[in-house]
Amino acid sequence: MKEESKSPRQGKNKKKGITRKPKKEGFGFDTDISNKKLSAWMTRDEAVRYKSSSKHQTLSDSQPSIIRKQVDPETAKYFSEISNLFESGGVDLEERSVVCDNALEEARGKEFELATDYIISHTLQTLLEGCDVHHLCGFLNGCAKVFPSIAMDRSGSHVAETALKSLAMQLQDIEVFSVIEDTLAALCKVIVVHPIDLMCNCYGSHVLRGLLCLCGGVPINSPEFHGGKPSTILAERLNLKISQMGGNDSPRLQQKFPGLLKFLVSEMLKCASEEIKIMQVDQYSSLVLQTALKLLAGHNQELLQVIPIVLCCKKENLIEGSFVEKKAVSNIVDLMKEPAFSHLMEVILDVAPESLYDGIFRTIFRNSLFELSSHSCGNFVVQALISHARDREQMELIWEELGPKFKDLLEMGRPGVVASIVAASQRLHTHEHQCCQALSASVCLQSESPRCIVPRMLFLDSYFNCGDRSNWSWPNGVKMHVMGSLILQLVFKFQSELIQPYIESLTSMEVDCVFEAAKDTGGARVIEAFLDSNASRKQKQRLMAKYAML
């Protein structure tokens, strides 16, 4: 610690005293915003005043360019000494917070330059993790006007994300809730002025998604709100146990700011409305919109406003099933063949209120289901649509278009669509017999024995890629088809009278084949599903007898 006293800056901190408390106001923060309460943000009068404010730029105004100044040598030396101090372990826990607070005092007015400096940014992250809430909010308030520029910088984005994570940790103290709320309000106000650049930036979009999560009361890096595990999504769509597909931990809820979340999302879309077509197909803005929609799940009034904007459609046309231009529908169908928009549309279908879902289904998807199912991206959207079908009438429309196409879908490698139909049939208790018949017919000709059904389903790719399918045989040493095994698991949940051909096929398999199936993860779960089914005891014993021969 003696070496540190050689630094003029360090000496300056010592003169100030380590017990010095931070000021309650200042930090370069717009005090007009800091004194606002959450309810004031959401009133109609406040929205009008905000829109008419001279500070509120229109979309036509360009994002102000910021020229990054070089960090002066004295400041660079100071933060280098701070870094060395932490790396050497020369500061204990009691002193650490004081050192962080004092160092952040030195950062005032230089936040942008320090945060975007490749080396100093790492030190700044350490300081933001160790400081108290007042200095943390002070740093963010001080750089609020340039926060988007910091977030879009390769180094600055890490600093911004660290600051947000530290804010989330501070929320455990209810007494600082209003201080954090005011700080987040300042950031949101700046972001909504010109959000498109931030949303479409690879670094900025990640920070923005973290801010949305913080406002929404979920952990900033929650997988569910940053894309989600494919296995979890698939399990939910196919009515399977989540643990069976790899497990899922629901995000731990924390204090949240629902008013700020709604303000941030709605204002971003209003200000970026002219660029919505760019946002639809941009990888990063699509991710931001997906996170926002997931966080608004259950807030139907907000979703009824947001989703039509994202789709470039009028809410009334979608809900009432009114006429929508054929060109507009065609454009949306084409967009669903783009990776970014297809993922976005999946989330829209996940969260859409019932009335809006039904309008989207009838206005946009009807008569386009097979076209989309045939596409590498579009088929995932169709899976999401089917998994959220609300009633038998919707299922009837789905069946009309896709029921006769099971074999075509399996041949072109789209078994997920077939699986979604089987799962929806099971969930809505409709077209169950037709599903079982169509599935068996797609892998087994009328002239063939039903014994071939299960083996061919277990090896879907191998079977459909075989030049002479009539002479196809069980392939040794080949991993069983994941989706084929999942479809069979669904099939064995049907009533036994509907699935007798499948039961006969499984119980008549050769002993060696049963052994191979039991060793494979997917095959073992098919056997387990059969044993859990309502097949007769005699049929189950017939399969178990083959285990005794192993």
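How each quantity is defined
Residues numbered from 1 in each chain as written. Predicted model: local features only at pLDDT ≥ 70, side-chain atom pairs only at ≥ 80, totals over all residues. Heavy atoms only, no water. Helix = DSSP H or I, 4+ residues; strand = E, 2+ residues; numbered from the N terminus. Buried < 20%, exposed > 50% of the residue type's maximum accessible area, 1.4 Å probe, protein only. Contact = heavy atoms within 4.5 Å. Areas by Shrake-Rupley, 256 points an atom, 1.4 Å probe, with all protein chains shown as cover. 1 Å grid on protein atoms, 1.4 Å probe; cavity = no way out; pocket = protein on both sides within 12 Å on 5 of 7 lines; lining within 4 Å. Points joined across faces, edges and corners; volume = space filled by probe spheres on them. Axes fitted to C-alpha atoms, helices over the stretch in contact; angles between N-to-C directions. Parallel < 35°, antiparallel > 145°, perpendicular 65-115°, else oblique. Nonpolar A, V, L, I, M, F, W, Y, C, P; charged D, E, K, R; others polar. Salt bridge = Lys/Arg side-chain N within 4 Å of Asp/Glu carboxyl O. pLDDT = per-residue confidence, 0-100. Phe/Tyr/Trp six-rings, centres within 6.5 Å; stacked < 30°, edge-to-face > 60°. Core = buried A, V, L, I, M, F, W, Y, C linked by side-chain atoms within 4.5 Å.

Trainee: Pulling in residues and values, what's your account of the overall build of the protein chain?
Mentor: Summing up its helical and strand segments, the protein chain has 36 helices and 0 strands in all. Across the 550 residues of the protein chain, 53% fall into the buried class. Intrachain contacts of the protein chain at a sequence separation of at least 6 include 74% that bridge at least 24 residues. A total of about 25700 Å² of accessible surface is found on the protein chain, and carbon and sulfur atoms cover 51% of it.

Trainee: Tell me about empty space enclosed by the protein, and please be specific about residues and values.
Mentor: Tallied over the entire structure, the rule returns 2 cavities of 30 Å³ or more. For the second largest cavity, the calculated volume is near 30 Å³. As for the second largest cavity, its lining consists of Leu410, Gly413, Pro415, Leu460, Asp461, Phe464 and His481. Of all the elements, helix H31 (residues 460-464) adds the most residues to the lining of the second largest cavity, at 3 residues.

Trainee: Go over the packing of helix H8 (residues 120-130) against helix H11 (residues 156-170), please, and point to the residues and values.
Mentor: At a minimum axis distance of 9 Å, the contact between H8 and H11 shows a crossing angle of 5°. Our classification of the angle between H8 and H11 gives roughly parallel. Contacts between H8 and H11 involve Ser121, Leu124, Gln125, Leu128 and Glu129 from the former and His158, Val159, Thr162, Ala163 and Ser166 from the latter. In the contact of H8 with H11, the residues fall into 4 nonpolar, 5 polar and 1 charged.

Trainee: For the pattern of salt bridges, give the residues involved together with the corresponding values.
Mentor: Here the structure, examined in full by the defined rule, presents 11 salt bridges. Residue lysine 165 pairs with glutamate 161 through a salt bridge whose shortest N-O separation is 3.9 Å. One end of the pair is lysine 165 and the other is glutamate 161, both in helix H11 and 4 residues apart, which spans about a single turn. Residue lysine 165 is classed as partly exposed on the basis of its relative accessible area, which comes to 35%. Judged by relative accessible area, glutamate 161 falls into the buried class, the value being 14%.

Trainee: Break down the confidence of the model for the protein chain for me, with residues and values.
Mentor: Taken as a whole, the protein chain shows an average pLDDT of 85; of its residues, 83% reach a score of 70 or greater. Counted against residues more than four places away or in other chains, residues 1-62, with its pLDDT under 50, gives 87 contacts. In this model, residues 242-250 is a region of pLDDT below 50 whose contacts with residues beyond four sequence positions or in other chains number 15 contacts.

Trainee: Could you give an account of the packing of aromatic side chains, naming the residues involved and the relevant values?
Mentor: Applying the stated criterion across every chain, the model contains 9 aromatic pairs. Consider the rings of tyrosine 463 and tryptophan 472, whose centres lie 6.0 Å apart with planes at 90°: the pair is edge-to-face. Taking the relative accessible area as the measure of exposure, tyrosine 463 reaches 6% and is therefore buried. The interplanar angle of 70° and the centroid separation of 5.6 Å between the aromatic rings of phenylalanine 492 and phenylalanine 530 together place this pair among those described as edge-to-face. Taken together, the residues span a long stretch of sequence, with phenylalanine 492 in the loop between helix H32 (482-491) and helix H33 (500-507) and phenylalanine 530 in helix H35 (residues 521-532) at a distance of 38 residues. As far as the burial class goes, phenylalanine 492 and phenylalanine 530 line up, both buried.

Trainee: Give a detailed account of the nonpolar core, specifying residues and quantitative values.
Mentor: Ile307, Met336, Met345, Ile360, Phe365 and Ile421 are the most contacted members of the largest nonpolar core, which has 170 residues in total. No other element matches the 8 residues that helix H28 (residues 415-428) contributes to this core. Look past the residues within four positions of isoleucine 421 in its chain and what remains in contact with it is Ile386, Met395, Ile398, Trp399, Leu402, Phe406 and Cys435.

Trainee: Before we move on, could you go through the environment of serine 273 and cite the residues and values that matter?
Mentor: Within the fold, serine 273 resides in the loop between helix H16 (258-271) and helix H17 (276-281). Residue classification places serine 273 among the partly exposed positions, given a relative accessible area of 38%. Taking the C-alpha atoms as reference points, serine 273 and valine 310, 37 residues apart in sequence, are found 8.6 Å from one another.

Trainee: Got a sec to walk through unusual backbone geometry? Specific residues and values, please.
Mentor: Phi angles above zero are rare outside glycine, and asparagine 367 is one such case at about 75°. Phi is positive for histidine 429, which is not a glycine, with a value near 55°. As for its position among the elements, histidine 429 is in the loop between H28 and helix H29 (432-443).

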